[in-house]
Amino acid sequence: MSSRERILGRVRRALADVPRDEPSYERAVDRDYLREHGERTVAETAGLLAGNLADYRAVVHRCTADDLPATIAGLLAARGARTVLVPPGLDPAWTAAADAERVPDRAESTADELDRVDSVVTGCAVAIAETGTIVLDGGPDQGRRRISLVPDHHICVVRVPDQVVSSVPRALERLDPARPLTWISGPSATSDIELDRVEGVHGPRTLEVVLVSGQPSTDVTS
């Protein structure tokens, strides 16, 4: 008797006394989950997102659409970034004011080449206020997953309010599970057995999130 047959035999024996009219698991379990915790205004939702991002040690900035190029240029300058990686679909205006060499997102780029890039600027698919989470789905303004994992400094632009949702269930309604989803809650970090926190182990050491108002997204559905 194979291992598979043994396991299936145990399952059949465990189910032997289950009535045939027993409701299926899908019908027996209540799926009426809470979609979000309370009602909030747009400003309150954005504020909750900013607070939770900060709790995860992300650096949060706010600006208008008109001020976005100058804000990104200032963040890159403060970092001393000489090179900045840009996805192919990123709005060129976002980095137009930056005094740094643009590095394109190329399929043939090696991990070593990406590691030598000072910063990366991306958009996002959605941001979750209740968890302080940014989700990337590989869209044109986000690029390949690796460009947000290898460079040590990530600037992520979030359009408020149309890319901000209250909860994980609300985010899942917008996301395509077939796409390469990257869920980011603060900079990359881990702790050893003595709870010493180390950042930048498997992703950027510094995450800066720019909450930009007045610039609608063209690729997010309600």
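Since this is a predicted model, take the numbers as computed values, not measurements. Here the residue index of a chain counts from 1 through its sequence in written order. Restriction of local features to residues with pLDDT of at least 70 applies here, the model being predicted, together with a cutoff of 80 or more for giving and counting side-chain atom pairs; totals for whole chains, interfaces and linings are based on all residues. To get the side-chain values, take all heavy atoms of the structure and skip hydrogens and water.

Caption draft 1: Structural context of the overall build of the protein chain. Only DSSP runs of H or I with at least four residues qualify as helices, and only runs of E with at least two residues qualify as strands; both kinds are numbered from the N terminus onward. Of regular secondary structure, the protein chain possesses 6 helices and 12 strands. Looking at the protein chain alone, contacts between residues at least 24 apart form 72% of all its contacts between residues at least 6 apart. Carbon and sulfur atoms provide 52% of the accessible area of the protein chain, an area that totals close to 12,800 Å². We call two residues contacting when some pair of their heavy atoms lies within 4.5 Å. Computed with the Shrake-Rupley method and a 1.4 Å probe, the accessible areas treat only the protein chains shown as cover for residues.

Caption draft 2: Spatial organisation of a nonpolar patch on the surface. A cluster of nonpolar side chains, contributed by Ile-7, Val-11, Leu-15 and Val-18, occupies part of the molecular surface with about 340 Å² of accessible area. The topology assignment puts Ile-7 in helix H1 (residues 3-14). Residues qualify for a patch when their relative accessible area is over 30% and they have no salt bridge, like charges being joined within 9 Å and the nonpolar side chains of Val, Leu, Ile, Met, Phe, Trp and Tyr within 5 Å. For salt bridges, the criterion is a side-chain nitrogen of Lys or Arg within 4 Å of an Asp or Glu carboxyl oxygen.

Caption draft 3: Up close: the environment of Asp-141. Inspection of the secondary structure puts Asp-141 in the loop between strand E6 (133-136) and strand E7 (153-160). It is 7.4 Å that separates the C-alpha atoms of Asp-141 and Asp-91, two residues lying 50 residues apart in sequence.

Caption draft 4: How the structure looks around the pattern of salt bridges. In total, this model carries 10 salt bridges according to the counting rule given. Among the salt bridges present, the one from Asp-137 reaches Arg-179, with a minimum N-O distance of 3.6 Å. On the criterion of sequence distance, the pair formed by Asp-137 in the loop between E6 and E7 and Arg-179 in the loop between helix H6 (168-174) and strand E9 (182-184) is long-range, its members being 42 residues apart. With a closest N to O distance of 3.6 Å, Arg-159 and Asp-141 form a salt bridge.

Caption draft 5: Highlighting unusual backbone geometry. Here the residue pair Val-160 and Pro-161 is connected by a cis peptide bond, since its omega of 10° sits within 30 degrees of zero. Relative to the assigned elements, Pro-161 resides in the loop between E7 and strand E8 (164-165). Phi at Arg-57 takes a positive value of approximately 70°, unusual for a residue other than glycine. Note that Arg-57 resides in the loop between helix H3 (42-55) and strand E1 (59-64). Looking at Arg-57, the relative accessible area reads 51%, which means it is exposed. Exposure is judged per residue with a 1.4 Å probe applied to protein chains only, and the accessible area is read against the type maximum: over 50% gives exposed, under 20% gives buried, and values in between give partly exposed.

Caption draft 6: Local environment of the sheet that holds E9. On the basis of which strands lie adjacent, the open sheet formed by 4 strands has the order E8-E5-E6-E9 and mixed pairing. Each edge of the open sheet is held by one strand with a lone partner, namely E8 and E9. Paired strands, in this sense, are two strands between which DSSP finds at least two bridges. In this structure, strand E5 (residues 126-128) lies alongside E6, joined through 3 bridges in antiparallel fashion. Within E6, the residue paired with Ile-128 across the bridge is Thr-133.

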